Structure formats: structure tokens, C-alpha cells
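# Overview (structure and organization)
This is what each chain is made of:
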Amino acid sequence: MRKVNLLLVIMVLMAALAAPAAAAGGARMSADEALARLKEGNDRYLADKPRYPHQGRERRAITAGQGQHPFATVLACADSRVPVEFIFDQGLGDLFVVRVAGNVAQTDEIGSIEYAVDHLATPLVLVLGHTQCGAVTAVVENAKLPPHIANLVAPIRPAAAKAKAENPDAAPEALIGAAIRANVLQAMEDLLQRSSIVKAGVRAKKTRVVGALYEIDTGQVQWLGPHPDQDKWLAPKGKGQAAGPKPRKPKKEEE
């Protein structure tokens, strides 16, 4: 028994010395480096040349003994065709993944992401949508849904409405594609607008929030970058925004 324990300790120490700097913690990696690592991983996945990193006994021992230090947080859909670690060719402890139908950002998802950003110090938050998303399709087509599912996909409705307004003559397939893209942006907006922790991290340049789309048929990830309105939301009140007319006070009703 003592020999087995000693062997395990030696394996952990050797693996720790051999592990890349990123394995020591996401906080030591910049958002640029984290994004580059995801892109490189997807390139390997596309070329059918994955390395399957950090999936052996040594990595398991490191993460069990030293805790988790992911270099990126990913909000993705629960669709079984979107296995996040496979898509980016990553392994144990590399990614903090939050999966939910429609990749929506509401209380549970935002709370999980805040834990990763604030406690685990992940420098990058990726909102990942995907083609052929059933949740978005159901909303676009106004499908009749059971109550719990209807509540779950409710945050997708603004994205679907926007896609319809901007593409009034689009064919059904094109409209769904536009809504899927709009839904990624909607989740990014919900995250940035509702989470003071994420917003503070982005404002301090400690955290970056970007969007992407995964193509189920090809395996390729399309990178969307930050939300186009992000700077407007991060600007302090009264700065960077045009001063508009003051809202009128409602008149008191006559008694």
C-alpha cells in the first residue's frame, strides 16, 4: 500500500512539472491566449488530428489534488451533438462548461459563470450557439411546448423577434439561422446586463466575453467576437452616451 501511495505522489509531481503553464491556472493565461488555444483546438478537431490532451491518469491526479484551474468558461447548448471539450480538443480541468438548452443566460447559468469568473478567475467567457438548434427553432416556429420547456426557452423570444423583424422575407431555414446567431448575442447581452461581476471583470480587462457558432455538419466554429453594444453597456452612466430629454413626470390624476 505504501509503495502504491509513493508511486502516485511521484506521478503527480512529474505530471505537474511537465504540464503546460496554462494547467497551473486560468488566471495565468490572458484572454488572447485562451482564445487562441480554443481556436487551435478546433483546428485540430476539424483536421481530424486531435491530441486528446489532459485525459489520462496523471491529469486526473493533478486536478483531484490541486483543484480546478480552467482557462475558459463556455456557455453552450445541452444538445448532445455539441460536446464542448471535443470541439476544442481539451481535457480534464481545461474548460468550465455550463450547458443548457438554447444556451440561454438566466439565473442558474449566470450564477455558474460568476463562480468561474470570480472564484476560478477564468479570463475568457465564450457563449457558444450552434446550427440546427432545436430550442431556437421551436421559438421561431411558435411550437406548443410543455410549461417547463416554455419557461426555459422564453429568453430566446427577443432574439427570434429581432431576427423576424430584420429578415421579414427570409426563408424558414435562413430565418432560423439568423435567430440562432441573434440568440448568441442575446445571451451575451443578458449576461453583461445582469451580472455585475462579469461586467466588472470586462470593464477591468480581466475578463473577455465573446460569442461563437458551432456548425454541426462541418465541426467548424465561427467566431463572432464581443457583443457590438458592449462598450455602451460598460460606459459609466452619463459618459459615452448622448444626453436625451429628461422623462416627463406623470401628471397626477384629478380627484
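Residues numbered from 1 in each chain as written. Predicted model: local features only at pLDDT ≥ 70, side-chain atom pairs only at ≥ 80, totals over all residues. Heavy atoms only, no water.

## Thoughts on the overall build of the protein
When helices and strands are counted, the protein shows 11 helices and 5 strands. Put simply, the protein has 255 residues, and 42% of those count as buried. In the protein, of all internal contacts separated by at least 6 residues, the share reaching a separation of at least 24 is 72%. Accessible area of the protein: about 15100 Å², with a carbon and sulfur share of 54%. (Helix = DSSP H or I, 4+ residues; strand = E, 2+ residues; numbered from the N terminus. Buried < 20%, exposed > 50% of the residue type's maximum accessible area, 1.4 Å probe, protein only. Contact = heavy atoms within 4.5 Å. Areas by Shrake-Rupley, 256 points an atom, 1.4 Å probe, with all protein chains shown as cover.)

## Remarks on the packing of helix H5 (residues 107-119) against helix H9 (residues 172-194)
It is the contact of H5 with H9, at a shortest axis distance of 11 Å, that shows an interaxial angle of 65 degrees. Compared by their axis directions, H5 and H9 come out roughly perpendicular. Between H5 and H9 the crossing geometry is right-handed. On the side of H5, the interface is formed by Thr-107, Ile-110 and Ile-113, while H9 contributes Asp-190, Leu-191 and Arg-194. (Axes fitted to C-alpha atoms, helices over the stretch in contact; angles between N-to-C directions. Parallel < 35°, antiparallel > 145°, perpendicular 65-115°, else oblique. Left-handed = near helix turned anticlockwise from the far one by under 90°.)

## Here's the deal with the layout of surface pockets
As a volume, the largest pocket reaches approximately 230 Å³. Around the largest pocket, the lining residues are Thr-131, Gln-132, Thr-137, Glu-173, Ile-176, Gly-177, Ile-180, Arg-181, Leu-213, Glu-215 and Gln-222. Residue contributions to the lining of the largest pocket peak at 5 residues, all from H9. The residue makeup of the lining of the largest pocket, split by class, is 3 nonpolar, 5 polar and 3 charged. (1 Å grid on protein atoms, 1.4 Å probe; cavity = no way out; pocket = protein on both sides within 12 Å on 5 of 7 lines; lining within 4 Å. Points joined across faces, edges and corners; volume = space filled by probe spheres on them. Nonpolar A, V, L, I, M, F, W, Y, C, P; charged D, E, K, R; others polar.)

## Focus: the side chain of Ser-195
Relative to the helices and strands, Ser-195 is located in the loop between H9 and helix H10 (196-203). Note on Ser-195: relative accessible area 1%, which makes it buried. Non-local contacts of Ser-195, meaning those with residues more than four positions away in its chain, are made with Ile-110, Glu-114 and Asp-190.

## Describing the nonpolar core
Membership of the largest hydrophobic core comes to 38 residues, with the highest contact counts inside it found for Leu-75, Ile-113, Leu-191, Val-198 and Val-209. For this core, the element with the most residues is H9, which contributes 9 residues. Met-29, Ala-72, Val-82 and Tyr-214 belong to the second-largest nonpolar core, a separate cluster that totals 21 residues. (Core = buried A, V, L, I, M, F, W, Y, C linked by side-chain atoms within 4.5 Å.)

## Describing the packing of aromatic side chains
Under the counting rule described, the total for this entry stands at 2 aromatic pairs. When the ring of Phe-88 is compared with that of Trp-223, the centres are 6.0 Å apart and the planes differ by 40 degrees; the resulting orientation is tilted. Of this pair, Phe-88 sits in the loop between helix H4 (84-87) and strand S2 (95-99) while Trp-223 is found in strand S5 (residues 221-225), placing the two residues 135 residues apart along the sequence. You can call Phe-88 buried: its relative accessible area is 0%. Judged by centre distance (6.0 Å) and plane angle (40 degrees), the rings of Phe-96 and Tyr-115 are tilted. Here Tyr-115 lies in helix H5 and Phe-96 lies in strand S2, a separation of 19 residues in the sequence. Given a relative accessible area of 38%, Tyr-115 falls into the partly exposed group. (Phe/Tyr/Trp six-rings, centres within 6.5 Å; stacked < 30°, edge-to-face > 60°.)

## What to know about the side chain of Arg-59
Within the fold, Arg-59 resides in helix H3 (residues 57-66). Within the structure, the side chain of Arg-59 is placed 2.9 Å from the side chain of Asp-94, a separation counted as a polar contact. (Polar contact = N/O pair within 3.5 Å; in protein donor to acceptor, adjacent residues only side chain to side chain.)

## Focus on the pairing of S5
One ladder, built from 4 bridges, connects strand S4 (residues 208-214) with S5; its direction is antiparallel. Paired with Tyr-214 across the bridge in S5 is Val-221. (Pairing = 2+ DSSP bridges.)

## Concerning H3
Within an α-helix, residues lying three or four positions from one another point in the same direction, as the helix has 3.6 residues per turn. Of all the residues in H3, the buried ones are Arg-59, Ala-61 and Ile-62. Viewed along the axis of H3, the buried residues span an arc of 160 degrees, placing them on a single side of the element. Facing away from the buried side of H3 by more than 90 degrees, the exposed set consists of Arg-57 and Ala-64. The first or second residue beyond H3 is Gly-67, which carries a positive phi of 80 degrees. (Arc of directions from axis to C-beta.)

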